[in-house]
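Residue strings, one per chain:
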Amino acid sequence: MQNINLAGILEEVRVSKTFALGYPVNRAHAFDIDLKKLGIIEKSFANTFINNVGVPVVTGNYRVDNIKDLEADVISSIFLHLGGAVDEAFGYVTSGGTEANFAAIWWHREFLFNQFGQNPTIISSTKSHYSLDKVANQLGLKLIKLDADNIAGLLESTLCEIKTPIIYWANIGATIDGMVDDLEIISSILSKNCGKQYKIHGDGAIYGLLIPYIKKLKHINNIFDMLDTLSISGHKFLGTYNICGVILSTKSYIKNVFANQDKQIEYVGNAIDYTVSGSRPGLGIVELYLLLEQAFKITDSNKMQLEELWLHCLSIASWFYSELKMLLG
């Protein structure tokens, strides 16, 4: 990660807002309240209005109240960690995993419909996160769930009966039981049966950041060779206090998704918006940056602190399993 001066960013935001003109936002509380009840320190990120509008990789002319450079660094750092090329990194910090999943499926729906003239069908395992049902309903897409214990066996026969493009929702750490789908088998079956009429979204709620360490996946040098989008929850493994997530894709893919579509926000200086929420608060971005800064530090054993934490978790889980097995006879 870049060595970013957070104090400098905070000062820049606080000073720049004094010159803001025309944008209809009250940058201070309308009435005095006791910030101590919120545990907020004055003149900190927590009581500074931050408004990241549109995608972080395009700043536009609107330079007041945003910390897009910091958000872009969060995205590119995760992208690099997962094997992607930094100049291809695209994404944004979301309000949580559900928004991240929604953004991914929305992007895939737009791309597949524009390319093939049909709304796609979503296929997933029965152990996928419940937000999938909401996403499918909101986007008006048919959803088919396959038995999680027999995905490979059912997927090919299911594809033979479907005449639309496919979005496959793959689990990389399902919220309930941590299930990790076999991406290589799924990708192979989709390629064989669908040609180019499919996209794969990885719901990495729990294990998205841990892909380089997971037995099933760590041999994949660049996860974005296997996935078109990946969502990660900030509050699950990393434990951010502010509920947040991240959605990741590649610039080249997003350029194709929104080809010939005008997504500029002219009233904030031609920012470009491919996000679900549009405006996004900054506190979660700062917290995520600070946690990732620690996660990606190299320890004395020549491992990232993130990997050390992962190995520690596996050790505790193994111990607990042994104790429970012994207790139950």
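Look up: the structure comes first, before these words.
What you see is a predicted model; the values in this text were computed from it and never measured. (Residues numbered from 1 in each chain as written. Predicted model: local features only at pLDDT ≥ 70, side-chain atom pairs only at ≥ 80, totals over all residues. Heavy atoms only, no water.)

Caption draft 1: Broad picture of helix α1 (residues 6-16). The complete set of buried residues in α1 reads Leu6, Ile9, Leu10, Val13 and Ser16. Looking down the long axis of α1, one finds its buried residues gathered within 145° of arc, a one-sided arrangement. In this structure, the buried side of α1 is in contact with α2 (68-81) and α8 (283-295). Regarding α1, its N-cap is asparagine 5, as a side-chain oxygen of that residue lies 3.2 Å from the backbone nitrogen of alanine 7 further along. (Buried < 20%, exposed > 50% of the residue type's maximum accessible area, 1.4 Å probe, protein only. Helix = DSSP H or I, 4+ residues; strand = E, 2+ residues; numbered from the N terminus. Arc of directions from axis to C-beta. Contact = heavy atoms within 4.5 Å. Polar contact = N/O pair within 3.5 Å; in protein donor to acceptor, adjacent residues only side chain to side chain.)

Caption draft 2: Layout of empty space enclosed by the protein. Per the stated rule, a full pass over the model turns up one cavity of 30 Å³ or more. The volume enclosed by the largest cavity comes to roughly 40 Å³. Forming the boundary of the largest cavity are Ile78, Leu209, Ile232, Ser233, Gly234, Leu238, Val246 and Leu288. (1 Å grid on protein atoms, 1.4 Å probe; cavity = no way out; pocket = protein on both sides within 12 Å on 5 of 7 lines; lining within 4 Å. Points joined across faces, edges and corners; volume = space filled by probe spheres on them.)

Caption draft 3: Fine view of the sheet that holds strand β5 (residues 166-171). Across the sheet, seven strands lie side by side as β2-β8-β7-β6-β5-β3-β4; this open sheet has mixed pairing. Two strands close off the open sheet at either side, each with one partner strand: β2 (89-94) and β4 (143-146). Averaged over neighbouring strand pairs, the angle between their axes works out to 20° when direction is ignored. Along the sheet, α2 contacts β2, β7 (229-233) and β8 (245-250); its crossing angle with β2, the most-contacted strand, is approximately 120°. Lying over the sheet, helix α3 (residues 97-116) contacts β2, β3 (121-125), β5, β6 (198-204), β7 and β8, oriented at roughly 175° with respect to β6. (Pairing = 2+ DSSP bridges. Axes fitted to C-alpha atoms, helices over the stretch in contact; angles between N-to-C directions.)

Caption draft 4: Expanded view of the packing of helix α5 (residues 151-159) against helix α6 (residues 183-194). For the pair α5 and α6, the least separation of the axes is 10 Å and the interaxial angle reads 15°. Looking at the two axes, α5 sits roughly parallel to α6. As α5 packs across α6, the resulting crossing turns out to be right-handed. Counting all contacts with α5, which are made through Ile151, Ala152, Leu155, Glu156 and Leu159, the residues of α6 involved are Ile185, Ile186, Ile189, Leu190, Lys192, Asn193 and Cys194. (Parallel < 35°, antiparallel > 145°, perpendicular 65-115°, else oblique. Left-handed = near helix turned anticlockwise from the far one by under 90°.)

Caption draft 5: Here's a closer look at the pattern of salt bridges. The full count for this structure, using the stated rule, is six salt bridges. A salt bridge links lysine 192 to glutamate 156, with the nearest nitrogen and oxygen atoms 2.8 Å apart. You can see lysine 192 sitting in helix α6 and its partner glutamate 156 sitting in helix α5, a full 36 residues away along the chain. (Salt bridge = Lys/Arg side-chain N within 4 Å of Asp/Glu carboxyl O.)

Caption draft 6: The pairing of β3, seen in detail. Counting buried positions over the five residues of β3 gives five, a clear majority of the element. Covered by surrounding structure in β3 are Thr121, Ile123 and Ser125 together with Ile122 and Ser124, the residues of both alternating faces. With four bridges connecting them, β3 and β4 associate as parallel partners. Within β4, the position partnered with serine 124 by the bridge is lysine 145. Tracing the backbone out of β3, into helix α4 (residues 131-139) and back to the parallel element β4 gives a crossover that is right-handed. (Right-handed = clockwise from strand over helix to strand, strands pointing away.)

Caption draft 7: Up close: unusual backbone geometry. For lysine 43, which is not a glycine, the phi torsion comes out positive at approximately 60°. As for its position among the elements, lysine 43 is in the loop between α1 and β1 (52-53). Residue classification places lysine 43 among the exposed positions, given a relative accessible area of 61%.

Caption draft 8: Inspection of the packing of aromatic side chains at higher detail. Tallying each qualifying case throughout the model produces seven aromatic pairs. With 5.6 Å between their ring centres and 65° between their planes, tryptophan 106 and phenylalanine 258 make a pair best called edge-to-face. Of this pair, tryptophan 106 sits in helix α3 while phenylalanine 258 is found in the loop between α7 (251-257) and β9 (264-265), placing the two residues 152 residues apart along the sequence. Per residue, the accessibility class of tryptophan 106 equals that of phenylalanine 258, and both read buried. Aromatic side chains tyrosine 207 and tryptophan 310 sit 5.4 Å apart centroid to centroid with 70° between the ring planes, which places their arrangement in the edge-to-face category. Of this pair, tyrosine 207 sits in the loop between β6 and β7 while tryptophan 310 sits in helix α9 (residues 305-327), and the two are 103 residues apart along the sequence. Since its relative accessible area comes to 11%, tryptophan 310 is described here as buried. Here a set of aromatic residues connected by ring pairs shows up, and it is made of Phe90, Trp106, Trp107, Phe258 and Tyr274. (Phe/Tyr/Trp six-rings, centres within 6.5 Å; stacked < 30°, edge-to-face > 60°.)

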